[in-house]
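One letter stands for each residue in the lines below.
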Amino acid sequence: MTPEIMAAVFAAGVGAGAVNSVVGSGTLITFPVLLAAGLPPVTATVSNALGLIPGSVSGAIGYREELRGQRRRVLKLGAGALAGGLAGATLLLALPADAFETIVPVLVGLALVLVAFQPRLSALVRRRRERSGGAAHRDGGPLLSVGMTLASVYGGYFAAAQGIIYLSLMGMLLDEPLQRLNAVKNVLAAVVNSVAALFFLFAADFDWTAVVLVAAGSGLGGYLGAKVGRRFSPVVLRSLVVAIGTVALVQLLLR
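Since we're looking at a predicted model, the values are computed, not measured.

**Let's talk about the packing of aromatic side chains**
Link 1 in the chain: Taken as a whole and assessed by the stated rule, the structure comprises 2 aromatic pairs.
Link 2 in the chain: With a centroid separation of 6.1 Å and an interplanar angle of 65°, the aromatic rings of phenylalanine 199 and phenylalanine 200 are classed as edge-to-face.
Link 3 in the chain: Residue classification places phenylalanine 200 among the buried positions, given a relative accessible area of 0%.
Link 4 in the chain: Measuring from ring centre to ring centre gives 4.9 Å for phenylalanine 206 and tryptophan 208, while their planes differ by 90°; the resulting arrangement is edge-to-face.

This is the structure:
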């Protein structure tokens, strides 16, 4: 890589780390830059997964206050994220490169609708539960566990907008402030990125220069993003999720 390309990859890592910490979809910043740097698609995906680990970890650390009291939830959903991330990484190497091109925009679009209307949907779910006399599941019940595991499969495969899908599912099924859910999202993303990256270390080709540059940038960006993002009100954060998610959706449709 030339010095100019290295600087671009580092800058993309900073941007991806910050966006992932606040919303998700940081892969849509780093992935095109790695392709432009000359990496093949699978090598770029693998290198990106490895490089984004520090950003996921620093983002989770930045949101540590919002994680208080959520240990049981994180452990339960983290187990599904671990299994799903490994399954997704395996699919990346086993399936054709264009296998998810049709379903990914559909998933992202649906997630955006769920995030945008999350307060109304949550209220609707609560009213329906009260009328039926059902008890609320503190951790979202089986539906959330299955949904988050499937989202983690997707995350291990590509990860673009994974955080938005996480937020949409948790926002609809858990009675928690959006910032606390965002903190959980960061931990789960770190789990998926880490397990996928460990699998790739032994089963795929990657570019160490790209990995180091993205890792350095995402580690810095993740912490800075958390510092800024945790100050946002729920309305601002939800608006930011929808705005960035819409850009991500357009980019996915144009690929």
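Here the narrative resumes.
**Section: the packing of helix α8 (residues 141-157) against helix α9 (residues 162-173)**
Link 1 in the chain: The N-to-C vectors of α8 and α9 enclose an angle of 175°; their axes lie 9 Å apart at closest approach. Put simply, α8 runs roughly antiparallel to α9. Judged by residue contacts, Leu143, Leu144, Gly147, Met148, Ala151, Ser152, Tyr154 and Gly155 of α8 engage Gln162, Ile165, Tyr166, Leu169, Met170 and Leu173 from α9.
Link 2 in the chain: Here the contact of α8 with α9 is composed, by residue class, of 10 nonpolar, 4 polar and no charged.

**Structural notes on the side chain of arginine 180**
Link 1 in the chain: As for its position among the elements, arginine 180 is in helix α10 (residues 178-203).
Link 2 in the chain: Of the polar contacts made by the side chain of arginine 180, one reaches the backbone oxygen of glutamate 66; its length is 3.2 Å.

**Considerations on the confidence of the model for the protein chain**
Link 1 in the chain: Looking at the protein chain, pLDDT values average 80 and 80% of them are 70 or higher.
Link 2 in the chain: Mean pLDDT values for the elements of the protein chain range from 61 in helix α7 (residues 118-132) up to 91 in helix α11 (residues 208-229).

**What to know about the environment of alanine 16**
Link 1 in the chain: Residue position: alanine 16 is located in helix α1 (residues 3-22).
Link 2 in the chain: Sequence spacing of alanine 16 and threonine 27 is 11 residues, and the spatial spacing of their C-alpha atoms is 6.3 Å.
Link 3 in the chain: Not counting the four nearest positions on each side in its chain, alanine 16 is found in contact with Gly26, Ile29, Thr30 and Leu52.

Reading the values: rules and limits
- Residues numbered from 1 in each chain as written.
- Predicted model: local features only at pLDDT ≥ 70, side-chain atom pairs only at ≥ 80, totals over all residues.
- Heavy atoms only, no water.
- Phe/Tyr/Trp six-rings, centres within 6.5 Å; stacked < 30°, edge-to-face > 60°.
- Buried < 20%, exposed > 50% of the residue type's maximum accessible area, 1.4 Å probe, protein only.
- Axes fitted to C-alpha atoms, helices over the stretch in contact; angles between N-to-C directions.
- Helix = DSSP H or I, 4+ residues; strand = E, 2+ residues; numbered from the N terminus.
- Parallel < 35°, antiparallel > 145°, perpendicular 65-115°, else oblique.
- Contact = heavy atoms within 4.5 Å.
- Nonpolar A, V, L, I, M, F, W, Y, C, P; charged D, E, K, R; others polar.
- Polar contact = N/O pair within 3.5 Å; in protein donor to acceptor, adjacent residues only side chain to side chain.
- pLDDT = per-residue confidence, 0-100.

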